[in-house]
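Coordinate analysis (summary)
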Amino acid sequence: MKKYNRVIALLAATTMTASLMAGCGKSEAPAQTTDTPAQTTESTDATAAETTESTETAEATEAPSDLPSLVGVEPDTRKAAEAFSELWDMDSYQTESSTLYNRALGEYYETYEKALEATSLSERYALQAVAEAKLLESGVFLPLSTRGGSYAISRMAPGSVTTTLWGNDDERWHNALVTTDLIASEDIQALRDKLKELRGTGTYVAEAKKYLEEKGYTLKDSYNYPSTSDPVTWDVLATSRQADSRILIQLYDGLTEYDVENVQQPALAESWEESEDGLTYTFKIREGVKWVDAQGREVADLTADDFVAGMQHMMDAMGGLEYLVQGVIKGADAYINGEVTDFSEVGVKAVDDYTLEYTLEQPTPYFMSMLSYGVFAPLSRSYYEGQGGQFGQGASAGQYGTDKDHIAYCGPYIITSFTEKNSIVFKANPLYWNKDNQEIKTLTYVYEDGTDVTKTYNDTLAGTVDGCVLNTSTIETAKADGNFDKYKYTSNTDATTFNGFLNINRKAFANSNDATVAVSDKTVFEAQRTTIAMQNQAFRLAVVSSLDRAAYNAQTQGEELKLLSLRNSYIPGNFVSLPEDVTIDINGTATTFKAGTYNGEITQAQIDADGVELKVWDAENETSDGFDGWYNPTAAKAHLAQATEELAAQGVEISKENPIQIDLPYFAGSEVYTNRANAFKQSLETALDGNVVINLVKCESADDWYYAAYYPETGYEFNCDMCDVSGWGPDYGDPQTYLDTMLPDYAGYMVKSIGIF
């Protein structure tokens, strides 16, 4: 069956927290203060018939027939969170999601599809940049920041892991260089310079070891990592959450792995070939690799068929990875949509025990860059079936992936100990194929809940963990105790983009896992007003233009670095550049972009042509980072004036006396995140002159915050009007890895964050 039908079936079988206004997507959790790692409803017509703002309004104006309206009905003063049991209309959910998607993102999707039809790579990149412009102009979200750009201290040497922008290899720690003492600032910089000099020569690791030894450092074979969450599942093929994958990636190897110099190296594949037509990739699988259990006991040989089993299980599990191979692997889309049930029709085959073949739908220039993400992880077929796992759509995984003792391992580590919200201990896999070249033998994830803003810093000094980001509190502590000038460095930014999302179809008014947590104080009528406002593009643009992101970011990064990690686009502006000159149409004008032009410059050109006051690209410095191109109180007021006029026709008044209320969940257990939420509130309410107010909804624990707006699997579960708890890191080296997250019909992983699909 099609994916959206499976999701709807899931929704029908799930107890809903709260819902309202039924007619009107490697996601990452935020990097808290450690060095981390995101009732009832009715149709529009029924709503219009049953709710009202005032008789006078009804007589004065008439809303367009295709828009939700509050004209002519009495306000419902019940609490929204108490009204869920009698109004929910499940059958309308798919229809309204599609309608709202087309209204908010139709222009983006149309341009996205044109990019897929491009006849050259340069045309593809250029049209993808135009599509991003349309996405940003929709106002359904705004980029907030990227990962990194913070003061930090660490025992891990620079160049210990790849800095490749996509995939998960940057979180593999098995070859990290970790010292017994904190590394001095000057030595961090010297090693960074050395890496830049030696990149591509294959000599950096040896030279870094030599440098550290000469400077008196001692390398150790353990690494202690501060972690802010536990895995929700232990099945790497059934999750696209970074909170899961950063743990599970330590337990398996992929076909290839990027080294610290960003060169793709053989891993479980010893070699590979691409056919002349670009449609077939053949991998020679390394012989002698063993699958082991949690005790390190051999359970099977790894063969080419385990990659076939992994791909099928990934598609069966529907954990948010499957869309990555739709339109890429031959037959994948038909299998995922239930049009075929025989997996042998999908283009992944074991030619023999150690020969693996992928057949593609069309030449895909970025295919090899996809291999470092979990979607291509192997699965021991025999072990999986031994745990009761089955293959086929809707099939049960049995006990597989339920805990650390019900998975098979083929990577550098096995997990010997897991204590919830305490620690995860990884020990070297005794049968690991590459154990002789493994630097870190013991890896420990130490749980930090973020409630004590000084704990991770103190744990770093004590050696409990081996590094931390310095937050606004610990920067001052480190300055006072002399550690700031001695050890601090500025962490590198990466390609992860954290966003603030606007919910255009809110249905949940308490958390889906616990209806007593993060409960909204809004009434049904107040909630209806907000939802209708959120469906108005001018209103959304008013909101996203009113946030002083520098002040917001300063609460976690400190005043000195508040601009460094600000990101102004979804796709980093220098993610790709044109390999050749290309001419495309921008608003009726043939526009030529020269070879070497970055995607961000083209995105900015389209935004400028559309007359939107938004800066996403710094041409002088060739970056989309390090400045605030969204905050514009003057533009915010103009957008709000337009929205006020348009929404009046729908019976929605916007004034200081009747402001639109926006619920924002925040991690109240953290001083830093509490300060950030208050900065958000103050900025927006000031810029919009009190016509819009932010209701800060307390989440006492990080998990409560995550369940409000990071853990939900579908749009109806998102318990917020706005959220700032997740982001996206690229899975492969093409802008499509970002754009695909906002596709309709449950295909886009992040589109659920705006309350649809």
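Worth saying up front: this structure is predicted, and the values here are computed from it rather than measured. (Residues numbered from 1 in each chain as written. Predicted model: local features only at pLDDT ≥ 70, side-chain atom pairs only at ≥ 80, totals over all residues. Heavy atoms only, no water.)

**Focus: the overall build of the protein chain**
If you tally the helices and strands in the protein chain, you get 23 helices and 25 strands. Computed over C-alpha atoms, the radius of gyration of the protein chain comes to 26 Å, within 12% of the 27 Å expected from 2.2 N^0.38 for 757 residues, which places it in the range of a compact globule. Expressed along its principal axes, the backbone C-alpha trace of the protein chain runs to roughly 80 × 65 × 55 Å. Among the 757 residues that make up the protein chain, the fraction classed as buried is 62%. Approximately 26,400 Å² of the protein chain is accessible, and the part contributed by carbon and sulfur atoms is 45%. (Helix = DSSP H or I, 4+ residues; strand = E, 2+ residues; numbered from the N terminus. Rg over C-alpha atoms; globule rule 2.2 N^0.38 Å. Buried < 20%, exposed > 50% of the residue type's maximum accessible area, 1.4 Å probe, protein only. Areas by Shrake-Rupley, 256 points an atom, 1.4 Å probe, with all protein chains shown as cover.)

**So, helix α18 (residues 549-557)**
Because an α-helix completes one turn every 3.6 residues, residues spaced three or four positions apart along the sequence face the same direction. Most of α18 sits inside the fold, with 7 of its 9 residues counted as buried. Three or more residues of α18 are buried, namely R549, A550, Y552, N553, A554, T556 and Q557. Taken together, the buried residues of α18 touch β2 (141-146), α14 (472-481), α21 (671-687) and β25 (722-728). At the exit of α18 stands G558, carrying a positive phi of roughly 90°. (Contact = heavy atoms within 4.5 Å.)

**Some details on empty space enclosed by the protein**
In this structure, the largest cavity spans a volume of roughly 130 Å³. In terms of lining residues, the largest cavity is bounded by 14 residues, among which W234, V236, Y252, Y400 and A408 are the most central. Residue composition of the lining of the largest cavity, grouped by class: 13 nonpolar, no polar and 1 charged. Approximately 70 Å³ is the volume attributed to the second largest cavity. Forming the walls of the second largest cavity are L541, V544, S545, V612, E613, L614, W630, A635 and H639. Of all the secondary-structure elements, those providing two or more residues to the lining of the second largest cavity are α17 (537-544) and α20 (633-648). Grouping the constituent residues of the lining of the second largest cavity by class yields 6 nonpolar, 2 polar and 1 charged. (1 Å grid on protein atoms, 1.4 Å probe; cavity = no way out; pocket = protein on both sides within 12 Å on 5 of 7 lines; lining within 4 Å. Points joined across faces, edges and corners; volume = space filled by probe spheres on them. Nonpolar A, V, L, I, M, F, W, Y, C, P; charged D, E, K, R; others polar.)

**Thoughts on the sheet that holds strand β14 (residues 355-359)**
Here we have 4 strands laid out as an open sheet, ordered β9-β10-β14-β13, and antiparallel in their pairing. Edge positions in the sheet fall to β9 (269-274) and β13 (348-352), since each of these pairs with one other strand and no more. Taken over all neighbouring pairs, the strand axes of this sheet differ in orientation by 25° on average, direction set aside. Of the strand pairs in this sheet, β9 and strand β10 (residues 280-285) are connected by 5 bridges, and their pairing is antiparallel. The residue of β10 that forms the bridge with W272 is F283. Running at roughly 165° to β13, helix α10 (residues 305-317) makes contact with β10, β13 and β14 of the sheet. (Pairing = 2+ DSSP bridges. Axes fitted to C-alpha atoms, helices over the stretch in contact; angles between N-to-C directions.)

**A few points about the sheet that holds strand β16 (residues 423-428)**
Strands sit in the order β6-β17-β16-β15 across an open sheet of 4 strands; the sheet is mixed. Edge positions in the sheet fall to β6 (222-227) and β15 (413-419), since each has one partner strand and no second. Taken over all neighbouring pairs, the strand axes of this sheet differ in orientation by 15° on average, direction set aside. Across 6 bridges, the pairing between β15 and β16 is antiparallel. Bridge pairing links T419 to S423 in β16.

**What about the confidence of the model for the protein chain?**
Mean pLDDT over the protein chain stands at 90; residues scoring 70 or higher make up 90%. Of the regions scoring below 50 in pLDDT, residues 1-25 engages in 98 contacts with residues more than four places distant in sequence or in other chains. Residue range residues 31-61 is modelled with pLDDT below 50. Its contacts to residues more than four positions away, or to other chains, number 130 contacts. (pLDDT = per-residue confidence, 0-100.)

**Let's talk about the pairing of strand β3 (residues 151-154)**
Here β3 shows no split at all, with Y151 and I153 on one side and A152 and S154 on the other all buried. Judged from the 3 bridges that link them, β3 and strand β18 (residues 467-469) form a sheet pairing that is antiparallel. Of the residues in β18, the one forming a bridge with I153 is C468.

**Overview of the environment of L255**
Mapping L255 onto the fold places it in the loop between α9 (242-248) and β7 (256-258). For L255 and P266, which are 11 residues apart along the polypeptide, the C-alpha to C-alpha distance reads 6.7 Å. Not counting chain neighbours up to four residues away, the residues in contact with L255 comprise P266, A267, L268, A269, F283, I285, F307, L356, Y358 and L371.

**Comments concerning the pattern of salt bridges**
All chains considered together, the criterion is met by 36 salt bridges. Linking R506 and D663 is a salt bridge whose minimum nitrogen-to-oxygen distance equals 2.9 Å. Linking R506 in the loop between β20 (497-502) and α16 (524-534) with D663 in strand β23 (residues 660-667), this pair joins segments that are 157 residues apart in sequence. In this structure D663 comes out as buried when scored by relative accessible area, which is 2%. If you follow the salt bridges from partner to partner, you end up with R147, D170, E171 and D494 in one network. (Salt bridge = Lys/Arg side-chain N within 4 Å of Asp/Glu carboxyl O.)

**Quick word on the packing of aromatic side chains**
In total, this model carries 43 aromatic pairs according to the counting rule given. Pairing W272 with F283 gives two aromatic rings, centres 6.2 Å apart and planes at 40°, and the pair type is tilted. Of this pair, W272 sits in strand β9 while F283 sits in strand β10, and the two are 11 residues apart along the sequence. The exposure class of W272 is partly exposed, given its relative accessible area of 29%. Both rings, one in Y366 and one in Y732, keep their centres 4.4 Å apart while their planes meet at 10°; by these two values the pair is stacked. (Phe/Tyr/Trp six-rings, centres within 6.5 Å; stacked < 30°, edge-to-face > 60°.)

**Structural notes on the nonpolar core**
In terms of nonpolar packing, the biggest core is built from 180 residues, with F283, Y358, F367 and F539 touching the most fellow members. With 9 residues, the single largest contributor to this core is helix α6 (residues 121-137). Excluding anything up to four places from it in sequence, F367 contacts Y281, F283, V328, I329, Y358, L360 and F376. Listed in part, the 16 residues of the second largest apolar core include A157, L198, Y211 and V260. (Core = buried A, V, L, I, M, F, W, Y, C linked by side-chain atoms within 4.5 Å.)

**Quick word on the pairing of β10**
The side-chain alternation of β10 yields one buried face, formed by Y281, F283 and I285, and one unburied face, formed by T280, T282 and K284. As consecutive antiparallel partners, β9 and β10 are separated by 5 residues, and within that stretch G278 has a phi angle of approximately 75°, a positive value. Taken together, the 5 bridges between β10 and β14 define a ladder with antiparallel strand orientation. From the neighbouring strand, T280 faces β14, where its bridge partner is T359.

**Some words on the side chain of T164**
In this fold, T164 is placed in the loop between β3 and β4 (178-179). Of note is the side chain of T164, whose polar atom sits 2.7 Å from the side chain of T162. Those residues in contact with T164, other than ones at most four positions away along the chain, are Y258 and N262. (Polar contact = N/O pair within 3.5 Å; in protein donor to acceptor, adjacent residues only side chain to side chain.)

**So, the state of the cysteines**
For the coordinates displayed, the defined rule picks out 0 disulfides. This cysteine, C699, is not joined by any disulfide, and C720 carries the nearest cysteine sulfur, 9.7 Å off. Residue C723 stays outside any disulfide, its sulfur separated by 4.1 Å from that of C720, the closest cysteine. (Disulfide = S-S within 2.5 Å.)

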